[in-house]
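Residue-level structural notes
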Amino acid sequence: MFQSLTDSLDNAFKTLRGDARLTELNIAEAIKEIRRSLVGADVNYKIAKEFTDKIKEEALGTKNVLASVKPGELMIKIVQDEMIDLMGGQAAGINIKGNPGVVLIAGLQGSGKTTFSAKLANFLKTKRKHKPLLVACDVYRPAAIDQLTVLGESINVPVFKEPESKDPAAIALKAIEHAKVHGFDVVIVDTAGRLAIDETMMTEIREIKSAIQPNETLFVVDSMTGQDAVNTAKAFNDVIDYDGVVLTKLDGDTRGGAALSVKYTVGKPIKFVSTGEKMETIDLFYPDRMAQRILGMGDIVTFVEKAQEQFDEKEAKRIEKKIKKNKFDFNDFLGQMAQIKKMGDLKSLMSMIPGVGKAMKDVEIDDKAFVKIESIIQSMTPEERERPELLNMSRKTRIAKGCGRNVHEVNMFIKQFDQMRKMMHTLSKGDNMQRMMSQFKGR
Ligand SMILES: Nc1nc2c(ncn2[C@@H]2O[C@H](COP(=O)(O)OP(=O)(O)O)[C@@H](O)[C@H]2O)c(=O)[nH]1
Ligand SMILES: [Mg+2]
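Because the structure is a prediction, the values reported are computed rather than measured.

**Topic: the overall build of the protein**
- Summing up its helical and strand segments, the protein has 21 helices and 8 strands in all.
- In terms of overall dimensions, the protein has C-alpha extents of about 70 × 70 × 40 Å along its principal axes.
- A buried classification covers 49% of the 443 residues belonging to the protein.
- When contacts within the protein are restricted to residue pairs at least 6 apart in sequence, long-range pairs at least 24 apart make up 75% of them.
- Of the accessible surface of the protein, which amounts to about 21,600 Å², a share of 53% is contributed by carbon and sulfur atoms.
- Positive and negative side-chain charges in the protein, numbering 68 and 62 respectively, have mean positions lying 6 Å apart.

Right under this line is the structure:
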């Protein structure tokens with residue numbers, strides 16, 4: 001996420017390296033670089049200028065103070081505070097009230113509305129204990145209704161639809177009635193978008209909004225579109241005066257401009273970010289955590305939260321016991337992999353660990369690595385999975401045939417598994433394991 005912005009800001013701070021204090025001269029130089037970084041990340045020039053002017057003022061206020069912090073660090077702190085401010089300060093959170101609560105989702109076609117609608121339903125269901133109902137109001141393409149239906153099924157949330165009707169406002173009103181009768185406490189209305197802003201779409205979304213009086217209207221925008229995203233956000237807000245923005249596709253190669261400037265330009269907070277196609281890849285937006293990420297400090301809080309969500313204490317105890325007895329087997333390994341996969345895409349997870357994002361930026365990590373390992377394990381017999389020590393050469397050859405890999409690959413994996421197992425066993429003997437585990441549990 002935002003790697004090139006992170007790198008170029010890092011270079012800006014480097015200009016202060018070796019200096020004993022902030023001076024007018026080195027401040028000016030760093031500011032110039034920071035501004036260039038922001039403009040390079042597709043932040044509008046006017047915002048970049050105003051932002052850096054503030055930083056300059058702050059920095060000048062501290063100049064010539066020979067503090068215990070290095071000037072580079074001081075500058076990072078100043079930029080961090082201003083960045084948090086620029087993105088809205090506090091996390092905005094979602095507002096669901098009324099019975100049912102009504103959430104309206106708006107945005108251009110392809111921005112990620114349907115995907116987000118389902119993710120939000122899943123989020124409200126699993127984390128807020130709501131009972132959501134999804135509503136298919138994209139009536140123009142039958143495929144759109146199917147798409148929402150499939151997503152709804154995958155998260156076990158019902159989808160209200162009327163394939164014969166071409167009146168989205170009427171469908172949404174019926175859905176709200178249906179929710180009242182059947183005990184759904186929140187209704188999420190997915191709407192149609194157009195490829196670009198046009199009168200018909202704006203009229204329709206305005207009509208839906210005034211018909212159903214949502215208590216939360218969210219505007220979904222593809223962060224890959226940079227400044228365009230900000231312009232679209234402004235145009236929609238002029239028409240429907242929404243409550244918050246959802247930034248999607250932050251897992252892609254986005255530059256950061258939208259995240260940094262949408263609050264300033266539109267005056268509405270970013271409420272959620274979406275980082276993938278899986279249902280779990282939705283996060284509340286926290287300006288402070290985002291600033292940390294942009295500044296290359298990682299986001300360890302989110303990482304630990306995600307780990308905790310998947311953390312099953314009973315399962316952990318069971319695994320711990322097995323490791324202690326050196327009985328950790330391939331089935332356990334598959335189970336652990338499944339847990340990690342649920343947390344989201346591997347590369348974006350790793351990048352939350354401070355310092356790791358930078359080191360990994362050119363490394364290709366994807367779920368394919370999992371697929372290979374899974375196929376190897378799946379070609380083992382149940383007995384072999386439980387007793388890795390059985391795996392001799394002829395068994396390995398058979399496994400390689402079974403999964404369509406060569407023996408070398410199978411060998412490599414088993415070797416690595418073996419090393420990992422030994423290492424875990426050694427760790428478990430002291431109180432190391434306990435300490436490692438309590439890091440996850442204690443918070
Ligand atoms: N990588 C990535 N793809 C996404 C994300 N959100 C949506 N998509 C994909 O973007 C495409 C359009 O999404 P969709 O929800 O159908 O957009 P809609 O037209 O606004 O309803 C689909 O292929 C989604 O799988 C995201 O956060 N990251
Ligand atoms: Mg859609």
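**Structural notes on the site of ligand 1**
- Neighbouring ligand 1 are 16 residues, the closest being Gly-110, Thr-114, Thr-115, Asp-251 and Ser-274.
- At a separation of 2.7 Å, an oxygen atom of ligand 1 approaches a polar side-chain atom of Thr-114.
- A distance of 3.0 Å is found between an oxygen atom of ligand 1 and a backbone nitrogen or oxygen belonging to Lys-249.
- When ligand 1 sits alone it has 580 Å² of accessible area, and the protein chains cover 79% of it.
- It is helix α5 (residues 113–128) that provides the largest number of residues to the shell around ligand 1, a total of 4 residues.
- Class assignment for the residues of the shell around ligand 1 results in 1 nonpolar, 10 polar and 5 charged.

**Here we look at helix α14 (residues 330–342)**
- The end-to-end C-alpha distance of α14, which contains 13 residues, comes to 18 Å, matching closely the 18 Å that a straight helix rising 1.5 Å per residue would cover.
- Once α14 finishes, Gly-344 follows within two positions and takes phi at roughly 130 degrees, a positive value.

**Section: the pattern of salt bridges**
- As enumerated under the stated definition, the model contains 23 salt bridges in all.
- Here Arg-255 makes a salt bridge to Asp-42, at a shortest N to O gap of 3.5 Å. Placement of Arg-255 in the loop between β6 (244–248) and α10 (257–266) and of Asp-42 in the loop between α2 (24–40) and α3 (45–62) is noted, with a sequence separation of 213 residues between them.
- With its nearest N and O atoms 3.5 Å apart, the salt bridge here joins Lys-249 to Asp-222. Of the two residues, Lys-249 is situated in the loop between β6 and α10 and Asp-222 in strand β5 (residues 216–222); the sequence distance between them amounts to 27 residues.
- Assessed through its relative accessible area of 15%, Asp-222 is described here as buried.
- Overlapping salt bridges bring together Arg-318, Lys-322, Asp-329 and Asp-332 as one network.

**Some details on the packing of helix α1 (residues 3–14) against α2**
- Between α1 and α2, whose axes approach to 8 Å, the crossing angle comes to 175 degrees. On the basis of the axis angle, α1 is roughly antiparallel to α2. Here Leu-5, Ser-8, Leu-9, Ala-12 and Phe-13 of α1 come into contact with α2, specifically with Ala-30, Glu-33, Ile-34, Ser-37 and Leu-38.
- Of the residues that constitute the contact of α1 with α2, the class distribution is 7 nonpolar, 2 polar and 1 charged.

**A short note on the side chain of Glu-82**
- As for its position among the elements, Glu-82 is in helix α4 (residues 71–86).
- Put simply, Glu-82 is tucked away with no salt bridge, and the nearest opposite charge, on Lys-54, sits 4.1 Å away.
- Each residue touching Glu-82, except ones within four places of it in the same chain, is listed here: Phe-51, Lys-54, Ile-55 and Glu-58.

**Some thoughts on the sheet that holds strand β4 (residues 186–191)**
- Taken together, the 8 strands give an open sheet; going across it, the order is β3-β2-β4-β1-β5-β6-β7-β8, and neighbouring strands pair in mixed fashion. Unpaired on one side and paired on the other, β3 (159–160) and β8 (282–284) mark the two borders of the sheet.

**Notes on the side chain of Asn-26**
- Residue position: Asn-26 is located in helix α2.
- By relative accessible area, Asn-26 is classed as buried at 7%.
- Sequence-distant contacts of Asn-26, that is, excluding residues within four places in its chain, are made with Leu-16, Asp-19 and Arg-21.

**Some points on the domain arrangement of the protein**
- Split by domain assignment, the protein resolves into domain 1 (3–86), domain 2 (101–296) and domain 3 (304–441).
- The straight-line distance from the C-alpha centre of domain 1 to that of domain 2 is 35 Å.
- With 19 residues of domain 1 at the contact, the number on the domain 2 side is 18 residues.
- Between domain 1 and domain 2, the buried area comes to about 1,700 Å², and carbon and sulfur atoms account for 65% of it.
- Remark: the boundary between domain 1 and domain 2 carries 1 salt bridge.
- Seen at the junction of domain 1 and domain 2, the total is 6 residue pairs in polar contact (both at pLDDT 80 or more).
- When contributions to the side of domain 1 that touches domain 2 are tallied by element, the ones reaching two or more residues are α1, α2, α3 and α4.
- Top contributing element to the side of domain 1 that touches domain 2 by residue count: α4, with 6 residues.

**Here's the deal with the packing of α4 against helix α11 (residues 287–294)**
- Direction vectors running N to C along α4 and α11 enclose 135 degrees, while the axes themselves pass 8 Å from each other. It follows that α4 is oblique to α11 by the angle criterion. Our pair here, α4 against α11, has a crossing hand that is right-handed. Facing α4, whose interface residues are Gln-80, Met-83 and Ile-84, α11 presents Pro-287, Asp-288, Ala-291, Gln-292 and Ile-294.
- Across the contact of α4 with α11, the residue classes tally to 5 nonpolar, 2 polar and 1 charged.

Criteria and cut-off values
- Residues numbered from 1 in each chain as written.
- Chains lettered and ligands numbered in written order.
- Predicted model: local features only at pLDDT ≥ 70, side-chain atom pairs only at ≥ 80, totals over all residues.
- Heavy atoms only, no water.
- Helix = DSSP H or I, 4+ residues; strand = E, 2+ residues; numbered from the N terminus.
- Buried < 20%, exposed > 50% of the residue type's maximum accessible area, 1.4 Å probe, protein only.
- Contact = heavy atoms within 4.5 Å.
- Areas by Shrake-Rupley, 256 points an atom, 1.4 Å probe, with all protein chains shown as cover.
- Lys, Arg positive; Asp, Glu negative; His and termini not counted.
- Charge placed at Lys NZ, Arg CZ, Asp CG, Glu CD.
- Near = heavy atom within 4 Å.
- Polar contact = N/O pair within 3.5 Å; in protein donor to acceptor, adjacent residues only side chain to side chain.
- Nonpolar A, V, L, I, M, F, W, Y, C, P; charged D, E, K, R; others polar.
- Expected span 1.5 Å × (residues − 1).
- Salt bridge = Lys/Arg side-chain N within 4 Å of Asp/Glu carboxyl O.
- Axes fitted to C-alpha atoms, helices over the stretch in contact; angles between N-to-C directions.
- Parallel < 35°, antiparallel > 145°, perpendicular 65-115°, else oblique.
- Pairing = 2+ DSSP bridges.
- Domains from an automatic or database assignment.
- Buried area = accessible area lost by both parts, 1.4 Å probe.
- Left-handed = near helix turned anticlockwise from the far one by under 90°.

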